[in-house]
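The lines below spell out each chain.
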Amino acid sequence: MTETTEKDQHRTGYDFVVVANRLAVNRVTASDGSIGWQRSPGGLVTALAPIMSSSGGAWVGWHGAPDETLEPFDHDSMHLHPVPLSEQEVEDFYEGFSNGTLWPLYHDVIARPLFHRHWWDAYKRVNQRFAEATALVAAENATVWVQDYQLQLVPQMLRDIRPDVKIGFFNHIPFPPPGLFAQLPWRHSVMKGLLGADLIGFQRESDAKNFQRAVRARLGFYIKSDRVYVPLEADAAAPLEGFTADPARGTAPRQLSAPAEGTYRGSEATAFPISIDTDRIVELSNDPKIIARAAQIRAELGNPEIIFLGVDRLDYTKGIRHRMKAYEELLQQGKLQVGTHTMVQIASPSREGVESYQRLRDEIELAVGRINGEFDTMGHTAIRYLHHSYPIEEMVALYLAADVMLVTALRDGMNLVAKEYVAARKDGSGVLVLSEFTGAADQLRQALLINPHDIDELKAAIVQAAVLDQEDVRKRMRSLRRQVVSHNVQRWAEEFMHRLHQL
């Protein structure tokens, strides 16, 4: 953006706009009781903050409190435009359609998705509100980057209002195979919503291909080299001109040749695997206070030979129950010994108002109690279970303290914990046991890759990690660190933005 006064910026709009479910700040209460805002610590905010600062960017999102309307405000070189949500909309749009319908459907139906029409109505209404807010904030010919599955309708809604802007979309979670996606009653609307973007980014190449196959099978659009040819006259409410739909299946046959020039616009769907703020993790891992804290953690656990670590949101996609079952059987078989081995499981609270998450917490806490009741000694604990969220400093200390990182997700778009652990292991020690169903498995090939559904395979990998030759450990970790250090979150953002501006 050209240099202008703050007043001019608000009048003319912003050249770079990020649209996400949440704003880039959290509300905090100071020691004196005053209320203020603090930048969110997440990797997305870290990656986009430099672009925001250099371009005079704006961030559109919900501020986290229902039934409250806030005026736009500025914070740390960012203009923040809050989008209000009612308590009912939080229940229907966020907890309902986003996390009761889309989340389980996009994660291989590990839990049963629910298809409620009033949830869908709320999803459409909130997406329209986000699109309208973005249209007000964006300057002429601005670049807009929409984030994640809560806002899949925003690209096309925004294009309808502001055809001058360039639109990117990034899907942070997996995109399901066409057969699963077909279960969604509103699948055509979601695909057309996403195709409003000039560039649609996915975590894995397989996710991008799943989306392309769904578009080809359901909409019949021509696709070549990741480019979807979207007819300009496509009508969201009727069969597309030039295609004969099958009413029995609601599908359109694939178009075998490219449409005529001037009758379509392009929408590219491809993979841009996200990463972490590697420099920050490395900096913390060199901090003497954090190194000392790591030693203290080992001492508090009784200085076992091997510490296994799991760090997850408390979510049914993370495979925490599978991990504990494998660990319990290894203790029962005498292949692991309490005192020599211990597990630390961090399970940060997640969606505690959703019934399936409440059941999951009960199941995991029951399993922890059973395992500790059977195997604990007076001096040592089999599993140290912590249902808390921790600051990044404490997490890095845990990464340094742990000999083996267990990432056993049943389905995960990426899993940044795996990359954070690797970044923290600057001395080349440490073993990563990694589910092949995470996006991270595509890049971290020197981890011990496992199928978490196969408990015997998971058990074998845990034992292997505990006894792996140290030269092999260092060789694997050197390779993993090269990948993570050279592909950080800033590079991810730059590559996405570069490609978006090329299109």
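Predicted model, so just to flag it, every value in this text is computed and none were measured.

Engineer: Teacher, can you tell me more about the sheet that holds strand β15 (residues 383–386) here?
Structural biologist: Pairing between the strands of a sheet is mediated by backbone hydrogen bonds and can be parallel or antiparallel. One open sheet holds the six strands; their spatial order is β15-β14-β13-β16-β17-β18, and the pairing between them is parallel. Taken across any chain shown, the strands that pair with only one partner, and hence form the sheet edges, are β15 and β18 (448–450). Here the strands of the sheet are splayed against their neighbours by 15° on average, with no regard to which way each runs. In this structure, strand β13 (residues 306–313) lies alongside strand β14 (residues 341–348), joined through eight bridges in parallel fashion. Among the inter-strand pairings, Phe308 is bridged to a residue of β14, identified as Met343.

Engineer: Whenever I open this one, the environment of Val109 confuses me. Can you help?
Structural biologist: Position of Val109 among the secondary structure elements: in the loop between α3 (87–106) and α4 (117–137). Classification of Val109 as partly exposed rests on a relative accessible area of 26%. In the structure, Val109 is positioned 208 residues away from Thr317 in sequence and 9.5 Å away in space, judged by C-alpha atoms. For Val109, the residues in contact, after removing those within four places along its chain, are Pro104, Leu180 and Gln183.

Engineer: Is there a simple way to think about the packing of helix α10 (residues 288–300) against helix α13 (residues 392–401) in this case?
Structural biologist: It is the contact of α10 with α13, at a shortest axis distance of 8 Å, that shows an interaxial angle of 60°. With respect to α13, the axis of α10 lies oblique. When you trace α10 past α13, the crossing you get is right-handed. Contacts from Ile290, Ile291, Arg293, Ala294, Ile297 and Arg298 in α10 reach Glu393, Glu394, Val396, Ala397, Leu398, Leu400 and Ala401 in α13. Taken together, the residues that form the contact of α10 with α13 break down as nine nonpolar, no polar and four charged.

Engineer: Help me out: how do you make sense of the pairing of strand β7 (residues 138–147) in this one?
Structural biologist: Within a regular strand, side chains alternate between the sheet's two faces. Of all ten residues making up β7, eight are buried, and the element is well covered by its neighbours. Pairing of strand β1 (residues 14–22) with β7, which is carried by five bridges, proceeds in the parallel orientation. Residue pairing across strands places Tyr14 opposite Ala138, the latter belonging to β7. Where β7 and strand β8 (residues 166–170) come together, five bridges link them in parallel fashion. Within the sheet, the bridge partner assigned to Gln147 lies in β8 and is Phe170.

Engineer: Is there a simple way to think about unusual backbone geometry in this case?
Structural biologist: If a residue is not glycine, its phi is most likely negative; likewise, a peptide bond is most likely trans. Residues other than glycine seldom take positive phi values, yet Asp148 does so here, at roughly 80°. Tracing the backbone shows Asp148 in the loop between β7 and α5 (154–161). Even without a glycine there, the phi angle at Asn415 is positive, about 80°. Tracing the backbone shows Asn415 in the loop between β16 (404–407) and α14 (416–424).

Engineer: Help me understand the pattern of salt bridges in this model?
Structural biologist: Side chains that differ in charge, positive against negative, can pair when their charged atoms come close. Overall, the coordinates contain 30 salt bridges when judged by the stated rule. With a shortest N-O distance of 2.7 Å, Asp312 and Arg323 are connected by a salt bridge. Linking Asp312 in strand β13 with Arg323 in helix α11 (residues 320–332), this pair joins segments that are eleven residues apart in sequence. Of the two residues, Asp312 and Arg323, neither departs from the other in class, the shared state being buried. Measuring nitrogen to oxygen at the nearest pair gives 2.9 Å for the salt bridge that ties Arg370 to Glu328.

Engineer: Got a minute to help me understand the packing of aromatic side chains in this structure?
Structural biologist: A ring pair, where both rings are aromatic, is described by two values, the distance of the centres and the angle of the planes. The tally for this structure, following the rule as stated, stands at 24 aromatic pairs. Taking 5.9 Å as the distance between ring centres and 35° as the angle between the ring planes, the aromatic pair formed by Phe93 and Tyr123 counts as tilted. Linking Phe93 in helix α3 with Tyr123 in helix α4, this pair joins segments that are 30 residues apart in sequence. Comparing Phe93 with Tyr123 shows no difference in burial state: the two are buried. An angle of 10° between the planes, with centres 5.3 Å apart, marks the rings of Trp120 and Trp186 as stacked. Taken as a pair, Trp120 in helix α4 and Trp186 in the loop between α6 (178–181) and α7 (187–194) lie far apart in primary sequence, 66 residues in all. Through a chain of ring-to-ring contacts, the aromatic side chains of Phe93, Phe97, Trp120, Tyr123 and Trp186 assemble into a single cluster.

About the criteria used
- Residues numbered from 1 in each chain as written.
- Predicted model: local features only at pLDDT ≥ 70, side-chain atom pairs only at ≥ 80, totals over all residues.
- Heavy atoms only, no water.
- Pairing = 2+ DSSP bridges.
- Helix = DSSP H or I, 4+ residues; strand = E, 2+ residues; numbered from the N terminus.
- Axes fitted to C-alpha atoms, helices over the stretch in contact; angles between N-to-C directions.
- Buried < 20%, exposed > 50% of the residue type's maximum accessible area, 1.4 Å probe, protein only.
- Contact = heavy atoms within 4.5 Å.
- Parallel < 35°, antiparallel > 145°, perpendicular 65-115°, else oblique.
- Left-handed = near helix turned anticlockwise from the far one by under 90°.
- Nonpolar A, V, L, I, M, F, W, Y, C, P; charged D, E, K, R; others polar.
- Salt bridge = Lys/Arg side-chain N within 4 Å of Asp/Glu carboxyl O.
- Phe/Tyr/Trp six-rings, centres within 6.5 Å; stacked < 30°, edge-to-face > 60°.

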